[in-house]
Amino acid sequence: MGDVADQVVEKLAARAKVLRSKAAWSRTREMGPVVSQEALQRIKGYIESGVQEGADLVVDGRGFDASGCGEGFFIGGTLFDNVTPDMRIYKEEIFGPVLACVRVKDFAEAVQLVNAHEFGNGVACYTRDGSVAREFVRRIQIGMVGINVPIPVPMAWHGFGGWKSSLFGDMQRMAKKACASTPDRSLSCNAGGGHAQGR
């Protein structure tokens, strides 16, 4: 958002380049292999789509050297910058180590961008400003919201908070209407030393 985007992309690029993809049983791995050869080819297809549609490919995980990783379907971390909402890599769920950065000018545009998306599984906001955090949670139309946490997935006993097209199966299992006793939103927050979760 605003002029901080260049700094964020630079730090993300440095981190993506050293992401440790290794066998699932390795204690030093940060990411294991993808589930199948088909999944690997699908992810590579998304990366190529991003390139063809004009996004800036900052880190390309397709050239990942998997020697020493053991058996499996490995791909390295991939980072795109200057992605636009009309691109396939923004509109569709990739389910692979691909991060697409979309630049916005301000908070209002960021909220509008997130709320306009077809999917509503999870979103995170990083801020030191409590009022920004509260306003983000109030305005955002997403099932799992994180404040200063990388992935707002609550513990297993929380109900899954997918909204919109983020659901499972033809009966919308695990969507917010799946069970009347399941809250329709989960909030994960790291306010400086601890990790709090609530609904």
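We now turn to the structure provided with this report. (Residues numbered from 1 in each chain as written. Predicted model: local features only at pLDDT ≥ 70, side-chain atom pairs only at ≥ 80, totals over all residues. Heavy atoms only, no water.)

1. Some words on the overall build of the protein
- Tallying secondary structure elements over the protein gives five helices and nine strands in all.
- Along the protein, from the amino end to the carboxyl end, the secondary structure elements read α-α-β-β-α-β-α-β-β-α-β-β-β-β.
- Per-residue burial over the protein gives 36% buried out of 199 residues.
- When contacts within the protein are restricted to residue pairs at least 6 apart in sequence, those whose partners lie at least 24 apart make up 52%.
- Entry remark: accessible area of the protein is about 11,900 Å², with carbon and sulfur atoms responsible for 55%. (Helix = DSSP H or I, 4+ residues; strand = E, 2+ residues; numbered from the N terminus. Buried < 20%, exposed > 50% of the residue type's maximum accessible area, 1.4 Å probe, protein only. Contact = heavy atoms within 4.5 Å. Areas by Shrake-Rupley, 256 points an atom, 1.4 Å probe, with all protein chains shown as cover.)

2. Things to note about helix H1 (residues 5-17)
- Taking 1.5 Å of rise per residue, 13 residues should cover 18 Å, and H1 covers 18 Å from first to last C-alpha, within 8% of that figure.
- Taken residue by residue, H1 has Ala5, Val9, Ala13 and Ala16 as its buried positions. Seen from one end, H1 has its buried residues packed into an arc of 70 degrees, which puts them on one side. Away from its buried face by more than 90 degrees, H1 exposes Glu10 and Lys11. (Expected span 1.5 Å × (residues − 1). Arc of directions from axis to C-beta.)

3. Quick look at the packing of aromatic side chains
- Evaluated as defined, the whole model comprises two aromatic pairs.
- Ring geometry for Phe64 and Phe74: centres 6.5 Å apart, planes at 35 degrees, overall tilted. Here Phe64 is found in the loop between strand S1 (56-59) and strand S2 (78-81), whereas its partner Phe74 is found in the loop between S1 and S2, with 10 residues between them in sequence.
- Looking at Phe64, the relative accessible area reads 26%, which means it is partly exposed.
- On the numbers, 6.5 Å between centres and 65 degrees between planes, the contact of Phe107 with Phe136 is edge-to-face. (Phe/Tyr/Trp six-rings, centres within 6.5 Å; stacked < 30°, edge-to-face > 60°.)

4. As for the sheet that holds S2
- Judged by pairing direction, the sheet is mixed, and its three strands sit side by side in the order S1-S2-S3 without closing on themselves. Of all strands in the sheet, those with a lone pairing partner are S1 and strand S3 (98-100), marking the two edges. The sheet shows a mean angle of 25 degrees between the axes of neighbouring strands, direction not considered.
- Pairing geometry for S2 and S3, over three bridges, is parallel. Counterpart to Leu79 in the pairing with S3 is Leu99.
- Contacts between H1 and the sheet are confined to S1, S2 and S3, with S1 contributing the most and set at about 55 degrees to the helix. (Pairing = 2+ DSSP bridges. Axes fitted to C-alpha atoms, helices over the stretch in contact; angles between N-to-C directions.)

5. Overview of the nonpolar core
- Grouped together as the largest cluster of nonpolar side chains are 17 residues, with contacts concentrated most on Ile43, Phe80, Val83 and Ile89.
- It is helix H2 (residues 37-52) that contributes the most residues to this core, five residues altogether.
- In contact with Ile89, not counting residues within four places along its chain, are Tyr46, Gly50, Glu53, Ala55, Phe80, Val83, Ile94 and Ala100. (Core = buried A, V, L, I, M, F, W, Y, C linked by side-chain atoms within 4.5 Å.)

6. Notes on a nonpolar patch on the surface
- On the surface, a cluster of nonpolar side chains totalling about 230 Å² of accessible area is made up of Met1, Val4 and Val8.
- Checked against the element boundaries, Met1 lands in the segment before H1.
- Residue Met1 is classed as partly exposed on the basis of its relative accessible area, which comes to 46%. (Patch = residues over 30% accessible without salt bridge, like charges linked within 9 Å, V, L, I, M, F, W, Y side chains within 5 Å. Salt bridge = Lys/Arg side-chain N within 4 Å of Asp/Glu carboxyl O.)

7. Description of H2
- For H2, spanning 16 residues, the distance from its first C-alpha to its last is 22 Å, which sits close to the expected 22 Å at 1.5 Å a residue.
- Buried within H2 we find Ala39, Leu40, Ile43, Tyr46, Ile47, Ser49 and Gly50.
- Lining the buried residues of H2 we find S1, S2, helix H3 (88-91) and S3.
- One or two steps after H2, the chain reaches Gly54, where phi turns positive at roughly 100 degrees.

None of this, on its own, says anything about what the molecule does.
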